[in-house]
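Read off the chains here:
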Amino acid sequence: MQNTGFSARRLAALWLGALALPLPALAMPNLQGTEWRMVAPAPAGQPPTVAFQPGKITGFAGCNRFVRTVDAQGKPQVATTRMACQAPLMEMEQHFVAFLSSPFRVLPDGRAQNLVLKSERAEYRFVRLTPNADPAAQPAKLQYLYVAPERQACHNGEAARDCLQVRERAEQSWRPLQGEIAGFHPKPGVSYYIKLKPAAQADAGARWTLERIVYSEEVSKLR
């Protein structure tokens, strides 16, 4: 019994210590030289990417390129280019860069085809890119979304407007969708569960096109 207790305490200590390790120590050897494209949360524009290199992570944050390293004290350091983009892209990038500037865990699947970057407050999911691939040319996966029955005010730069409220899973909180979904014309007071596909280039301003409405439900307001 004493040996079992010791092993459990030692395992817990090793696990807790791993959370505090700088990212290069967490990047498994099979990740070196690989590049990944973000699929969740759904990007507002061209998907961010991460690439694992010896001693650093590089990539595209949504508007700018970045380099992430760890200093001698084990503190993450992120440097980016300084190009300005539209407000939704900048907002997405700011959240992602803030995430990269803090400790997080790297969780690849057993086949090294899917990857999760996870901290106590956020989680980003990626799929592996083929060597020398153009991230913008990679086919995006089909997407399913819940759509709330009412729009809510949101800000797009300086202008305020009413945005669709969406979520990927029923247990999640609603979040505003920047932009519209091509071919989707929701009625107020009706909730939806929809299937999306990547938008054609002709659908300006929309990243997704409605593939089909899986189901819809009329929601009555409480009085």
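In this report, we go over the structure that sits alongside the text. (Residues numbered from 1 in each chain as written. Predicted model: local features only at pLDDT ≥ 70, side-chain atom pairs only at ≥ 80, totals over all residues. Heavy atoms only, no water.)

## Let's talk about the overall build of the protein chain
When you go through the protein chain residue by residue, the secondary structure sums to 3 helices and 15 strands. Burial analysis of the protein chain (223 residues in total) assigns 34% to the buried set. Put simply, 47% of the contacts in the protein chain that link residues at least 6 apart link residues at least 24 apart. With the model as given, the accessible surface of the protein chain reaches about 13,900 Å², and the carbon-plus-sulfur share is 53%. (Helix = DSSP H or I, 4+ residues; strand = E, 2+ residues; numbered from the N terminus. Buried < 20%, exposed > 50% of the residue type's maximum accessible area, 1.4 Å probe, protein only. Contact = heavy atoms within 4.5 Å. Areas by Shrake-Rupley, 256 points an atom, 1.4 Å probe, with all protein chains shown as cover.)

## Section: the state of the cysteines
One pass over the full model with this rule turns up 2 disulfides. Here Cys 63 engages in a disulfide with Cys 85; their sulfurs sit 1.9 Å apart. On the S-S bond that ties Cys 63 to Cys 85, the torsion sits near 85°, and the link is right-handed. Note that Cys 63 is positioned in the loop between strand E3 (56-60) and strand E4 (65-70) and Cys 85 in the loop between strand E5 (76-80) and helix H3 (87-100), a separation of 22 residues in sequence. Using a relative accessible area of 26% as the deciding quantity, one classes Cys 85 as partly exposed. In this model, Cys 154 is linked to Cys 163 through a disulfide, with the two sulfur atoms separated by 1.7 Å. In this structure Cys 154 comes out as buried when scored by relative accessible area, which is 6%. With relative accessibility at 1%, the residue Cys 163 sits in the buried group. (Disulfide = S-S within 2.5 Å.)

## Structural notes on the sheet that holds E4
Pairing within the open sheet is antiparallel, and its 8 strands lie in the order E5-E4-E3-E2-E1-E8-E7-E6. Two strands in the sheet have a free side with no partner beyond their single neighbour: E5 and strand E6 (105-108). Pairs of neighbouring strands in the sheet enclose a mean axial angle of 25°, with direction left out of account. (Pairing = 2+ DSSP bridges. Axes fitted to C-alpha atoms, helices over the stretch in contact; angles between N-to-C directions.)

## Focus on the sheet that holds strand E13 (residues 175-176)
Reading across the sheet, the 5 strands line up as E13-E12-E9-E14-E15 and stay open at both edges, with antiparallel pairing between neighbours. Edge positions in the open sheet fall to E13 and strand E15 (208-218), since each of these has one partner strand only.

## Focus on the environment of Arg 37
Among the secondary structure elements, Arg 37 is positioned in strand E1 (residues 35-40). On the basis of relative accessibility, which here comes to 5%, the residue Arg 37 falls in the buried class. C-alpha separation for the pair Arg 37 and Asn 114, spaced 77 residues apart in sequence, amounts to 9.5 Å.

## Brief notes about a nonpolar patch on the surface
A cluster of nonpolar residues, Tyr 144, Val 214 and Tyr 215, forms a patch on the protein surface that exposes about 250 Å² of accessible area. Turning to its location among the elements, Tyr 215 is positioned in strand E15. The partly exposed category is assigned to Tyr 215, whose relative accessible area is 40%. (Patch = residues over 30% accessible without salt bridge, like charges linked within 9 Å, V, L, I, M, F, W, Y side chains within 5 Å. Salt bridge = Lys/Arg side-chain N within 4 Å of Asp/Glu carboxyl O.)

## Thoughts on the packing of aromatic side chains
A full pass over the atoms with the stated rule returns 9 aromatic pairs. Relative to Phe 96, the ring of Phe 66 lies with its centre 6.1 Å away and its plane at 90°, an arrangement referred to as edge-to-face. You can see Phe 66 sitting in strand E4 and its partner Phe 96 sitting in helix H3, a full 30 residues away along the chain. Centre to centre, the rings of Phe 99 and Phe 104 are 4.9 Å apart; their planes meet at 20°, and the pair counts as stacked. For the residue pair Phe 99 and Phe 104, the accessibility class agrees, reading buried in each case. The structure contains a cluster of three or more aromatic residues connected by ring pairs, namely Phe 66, Phe 96, Phe 99, Phe 104, Tyr 124 and Phe 126. If you follow Arg 167 out to its NZ or CZ, it ends over the ring of Trp 174, 3.9 Å from the centre. (Phe/Tyr/Trp six-rings, centres within 6.5 Å; stacked < 30°, edge-to-face > 60°. Lys NZ or Arg CZ within 6 Å of the ring centre and 35° of its normal.)

Without other data, these values stay purely geometric and don't point to any function.
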